[in-house]
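The lines below spell out each chain.
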Amino acid sequence: MSEKAQHNLTISVAAGKGGTGKTLIATSLAVALNEVRPDTVQVIDCDVEEPNADILLHPTITAREPVHILVPEVDADKCDNCGECAHACEFSAIAAIGKSVVTFHDLCAGCGVCAYVCPTGAIQEVQLRIGEMTSGHTETGIGFHQGRLDVGRQRSGPITSVLKQEVRDEYISILDAPPGTACPMQEAVDDSDFCILVTEPTPFGLANLREAADTSRRLGVPCGVIINRDRQTWDRIDRYAEQEGLDILLRVPEEREIAEAYSRGETLADARPKWRDDLVAMYDRIAELVALQPSSTS
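Along each chain, numbering runs from 1 in the same order as the chain's sequence is written. Where totals are concerned, whole chains, interfaces and linings use all residues; where local detail is concerned, this predicted model gives features only for residues with pLDDT of at least 70, and gives and counts side-chain atom pairs only at 80 or more. To obtain the side-chain values, all non-hydrogen atoms of the structure were used and water was disregarded.

**Q** Break down the side chain of Ser12 for me, with residues and values.
**A** Helix numbers and strand numbers start at the N terminus; a helix is a DSSP run of H or I with at least 4 residues, a strand a run of E with at least 2. Secondary-structure assignment places Ser12 in strand S1 (residues 10–14). Any N or O atom pair separated by 3.5 Å or less is treated as a polar contact, with the protein-specific requirement of one donor-capable and one acceptor-capable atom, and with residues adjacent in sequence counted only for side-chain atom pairs. Within the structure, Ser12 has its side chain in polar contact with the side chain of Ser192 (distance 3.2 Å). Whether two residues touch is decided by their heavy atoms; if any such pair falls within 4.5 Å, the residues are in contact. Ignoring any residue separated from it by four or fewer positions in sequence, one finds Ser12 in contact with Leu175, Ala188, Val189, Ser192, Phe194, Cys195 and Ile196.

Shown next, in the form of structure tokens:
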């Protein structure tokens, strides 16, 4: 690995749609890097609504931490039904209906403004569990953190925030982001050194790639492209990448061998040793691209 790659990077792996293979890429990159930088690589699975990086990495889980948010609880004996809390809430998470105050915890942002404006002190904030973070290591020493949103809960952001607190300078952190370009993806990708965008050679894949690249740029995160299931018969993604100045970091061909390895719960790096060198070389290239960013030289 080149000297330029010695700075430990935080790399997010995202896609404009689900099913493109971003988890396969994230875990494969971790396995390959762990060969040359043992005990300095960690995977953080931020796809908290449907986490699955553990299926490919097979970590031993050693810790579980519940994730809570603060939500309002109203003391009816103190409440004078003034309605100030409902007027102040920008998320319609609390409503004054007749002589009752009703709270909607799934809408609550936990800002605390309702408790702040309550003139009688009838509102206090209490903890509500929305999910958990699990942590551990693989047999080869790859650190592992995964978030999981509890069934019936809607707010994934607080779990992502807890997961991202595990990013450390001493680790190469690989974040498996949720699919799409909405808030969950943006929360995972934000503050990364680089974002790998995984796509597939179809019109739908290109359309979603455009959205994901635009989102990454708005976040100020440089990005590059991996074409998964590449058949080398459709060059519109190549033309788009050239027009936009995006590197094609890697091409993963559409091969039965890869599909069979994936079905067995194996990464690219496990399935064929050649991929380890390609993935490490890709990390070196990403390090060079990060070094060229204005923020890296200012």
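Read on, since the account is not over.
**Q** Go over unusual backbone geometry, please, and point to the residues and values.
**A** Most peptide bonds take the trans configuration, and most residues that are not glycine carry a negative phi. One non-glycine residue, Asn81, lies in the positive phi region at around 60°. Locating Asn81 in the fold gives a position in the loop between strand S3 (60–74) and helix H3 (84–88). Assessed through its relative accessible area of 32%, Asn81 is described here as partly exposed. A positive phi angle is found at Ser92, which is not glycine, with a value near 55°. Positionally, Ser92 belongs in the loop between H3 and strand S4 (94–97). With a 1.4 Å probe rolled over the protein chains alone, any residue whose accessible area is under 20% of its type maximum counts as buried; one over 50% counts as exposed, and the rest are partly exposed.

**Q** Help me get a handle on the packing of helix H7 (residues 203–218) against helix H8 (residues 236–244), residues and values and all.
**A** Axis geometry follows a simple rule: fit a line to the C-alpha atoms, using only the stretch in contact for helices, then measure angles between N-to-C directions, giving values from 0 to 180 degrees. Look at H7 against H8: their axes get within 11 Å of each other, and the N-to-C directions meet at 20°. As far as their axial angle goes, H8 and H7 are roughly parallel. Seen from above, H7 lies across H8 with right-handed handedness. The residues of H8 that touch H7, namely those facing Leu206, Leu209, Arg210, Ala213 and Arg217, are Arg236, Ile237, Tyr240 and Glu244. Across the contact of H7 with H8, the residue classes break down as five nonpolar, no polar and four charged. When an angle is under 35 degrees it counts as roughly parallel; over 145 it counts as roughly antiparallel; between 65 and 115 it counts as roughly perpendicular; any other value is oblique. What makes a crossing left-handed is the near helix being turned counterclockwise from the far one by less than a right angle; a clockwise turn instead makes it right-handed. Residues are grouped as follows: Ala, Val, Leu, Ile, Met, Phe, Trp, Tyr, Cys and Pro are nonpolar; Asp, Glu, Lys and Arg are charged; all remaining types, including Gly, are polar.

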